[in-house]
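# Residue-level structural notes
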Amino acid sequence: MKMGREQLYRLIEEAEPGEREALERLVVHSPWRQKFHIQPEVGLLNDPNGFSYYGGEYHLFYQWFPLGTQHGMKYWYHTSSTDLVHWKNLGIGIAPGGPFDSHGAFSGSAVEKDGKLFLMYTGNTRTEEWVRFPYQCMAIMERDGTVTKLGRPVISDVPPGFTDHFRDPKVWKELESYYCVIGTQRTDHTGCVVLYSSADLLNWRFEGELGTRLKQFGYMWECPDYFELDGAGVLLFSPQGLTSEGNNCRNIYQSGYLIGDPLRLPDRDFRHGEFWELDYGFDFYAPQTTQAPDGRRLLVGWMGLPEIEYPTDQHGWAHCLTLPRELTLDNGRLIQRPARELVKHRGRMAEVHTVMHSRAADMKELGGTVYELLAHIWEGGAERFGIEFRVGPNERTVIYYDSAAGKVVLDRSESGQGLALEYGTQRSHAVALRDSMLTLHMFVDTSSVEVFVNDGETVFSARIFPEQVSTGIRLYAEGGSAEFRVVQWEIE
Ligand code: FRU
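Nothing here was measured: the structure is a model prediction, and the numbers come from that model. (Residues numbered from 1 in each chain as written. Predicted model: local features only at pLDDT ≥ 70, side-chain atom pairs only at ≥ 80, totals over all residues. Heavy atoms only, no water.)

## Some thoughts on the side chain of Ser255
Tracing the chain through its elements places Ser255 in the loop between strand S14 (232–240) and strand S15 (256–260). In this structure Ser255 comes out as buried when scored by relative accessible area, which is 4%. There is a polar contact of 2.9 Å between the side chain of Ser255 and the side chain of Ser238. Here Ser255 is in contact with Phe237, Ser238, Pro239, Phe275, Trp276, Glu277, Leu278, Phe284, Tyr285, Ala286 and Pro287, once residues within four sequence places are set aside. (Helix = DSSP H or I, 4+ residues; strand = E, 2+ residues; numbered from the N terminus. Buried < 20%, exposed > 50% of the residue type's maximum accessible area, 1.4 Å probe, protein only. Polar contact = N/O pair within 3.5 Å; in protein donor to acceptor, adjacent residues only side chain to side chain. Contact = heavy atoms within 4.5 Å.)

Put into structure tokens, the structure is as follows:
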């Protein structure tokens, strides 16, 4: 049942007696609860927020609506980890409901200063007439995890030239100064990013719009992130309103990046190359990065999309985050690999080495609903070859290489309960074989798959909703042969 505005914008304290318990009962019976992804105990999760390393631990918050599976009053939910593998649920990080975040503590980020973690976020407010006004707010977390809101916004206006779509501050430190980028919409209804600077995180100076070449590129840019990697400047953002073309931009909204020269003040000019999507799967949005203590750039995304109904909406919970990925730069493109810590997950191993010649075969040694799988596949003339997984009597999810088209395809048309069907059931992206070889590195959880192709060159993330009995793995090659070396690990 859909909630009305009044129900959506309630605080936790305003829940009816038994309301949370009712959601919990639904969650317990959900067949699609994840085993090793960050997911909400109840309610709806969306963007990762405040991703940081502080006090000897990673902190990762997320947007959370506790009272249902629609987008309502947003909280920050707090999780932490010492190893990027095991995450602790720590409860509410930031609660909305004050004068400057009366309708939600929206997305934002974190930076350490003076031994404290500063959480900068967008306070969403609405008037009685439902007119939106965004404030950029600050909350400060101590070593013991207590969070105190500043009590006044640190940026309380929207500069001329932009609409009330002005949110998602991503803050960073450079030398002795702090900077933040904010996603926004120009008054002509095109998206862009603006830049602020600060000496103390409390007083911010509007520097102006970040000068990209993309003047007409969607109507709103959400969740920007800026960092430098190997001497290049990288801008991530989630543009809304792009039109799909060929294999690109097939989802309702996109997330992608620009690589260019490092940003310099005062001109804020960003000379960059093409816009590339970060993920070519079905469910990926609003990613955020942080820097690990050893210097690696880590990224986590929301494995979901706005305005799409998901099968677990009926089960009292919705969505999860992606696994953490390590970013590197290669030839003007971002390479994304699963965080190396994830090998800690690996349990019992099974291996298969076989050649398929114009046939498909179930692999008795392999299978399950929760696992990591690494396949090296050598093309031996096959027109098409790949892996069917989560195979059951009436179901299968397929990842394959189409040799003629030179692309990898992820097909969820027979994955189980369908979703977002109006956006299609296949995603694909051009991939070149390397010495006739393709690698597929897959992380399969109860209701998701993340596939890293050719060592992180292309990634596909997708939610899938198969039956629990669909556990099979089948290898196949059509119109020729392919040689497979597959290793599978249970996840502990
Ligand atoms: C992106 C987004 C952000 C906003 C948040 C609200 O998914 O719309 O722009 O801050 O979600 O939950």
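## As for the sheet that holds strand S2 (residues 57–65)
The strand order across the open sheet formed by 5 strands is S4-S3-S2-S1-S19, and the pairing between neighbours is mixed. Pairing within the sheet leaves two strands with one partner each, and these edge strands are strand S4 (88–94) and strand S19 (317–318). (Pairing = 2+ DSSP bridges.)

## Description of the environment of Ser358
Examined against the element boundaries, Ser358 turns out to sit in strand S22 (residues 346–362). For the pair formed by Ser358 and Arg384, sequence separation is 26 residues and the distance between their alpha carbons is 9.2 Å. The residues contacting Ser358, other than those within four sequence positions of it, are Ala477, Glu478, Gly479 and Gly480.

## Quick look at the nonpolar core
Phe51, Tyr62, Phe65 and Leu321 are the most contacted members of the largest nonpolar core, which totals 50 residues. Elements with a minimum of two residues in this core: helix H2 (19–28), strand S1 (43–54), S2, strand S3 (75–81), strand S17 (285–291), strand S18 (297–302) and S19. Ranked by residue count, the leading element in this core is S2, at 5 residues. When residues of this core are assigned to domains, at least three map to each of domain 1 (5–338) and domain 2 (342–491). Not counting residues within four places of it along the chain, the set of residues in contact with Phe65 comprises Met3, Gln7, Leu8, Gly43, Leu44, Gln70, Gly72, Met73 and Lys74. Counting 37 residues, the second largest nonpolar core, distinct from the first, contains Leu366, Ile387, Ile399 and Val486. (Core = buried A, V, L, I, M, F, W, Y, C linked by side-chain atoms within 4.5 Å. Domains from an automatic or database assignment.)

## Some remarks on the packing of aromatic side chains
Counted by the stated rule, this structure contains 26 aromatic pairs. Look at Phe217 and Trp221: their rings are 6.4 Å apart centre to centre, the planes differ by 90°, and that puts the pair in the edge-to-face class. The same class applies to Phe217 and to Trp221, which are both buried. Seen from their ring centres, Phe385 and Tyr401 are 5.6 Å apart, and the 40° between their planes marks the pair as tilted. Residue Phe385 is found in strand S24 (residues 384–391), and its partner Tyr401 is found in strand S25 (residues 397–402); the two are separated by 16 residues along the sequence. Both residues of the pair, Phe385 and Tyr401, count as buried. In this arrangement the basic side chain of Arg333 is found over the ring face of Trp276, its NZ or CZ atom lying 3.5 Å from the centre. Lying across the ring of Trp489, Arg346 places its NZ or CZ 3.7 Å from the centre. (Phe/Tyr/Trp six-rings, centres within 6.5 Å; stacked < 30°, edge-to-face > 60°. Lys NZ or Arg CZ within 6 Å of the ring centre and 35° of its normal.)

Keep in mind these values describe shape, not function.
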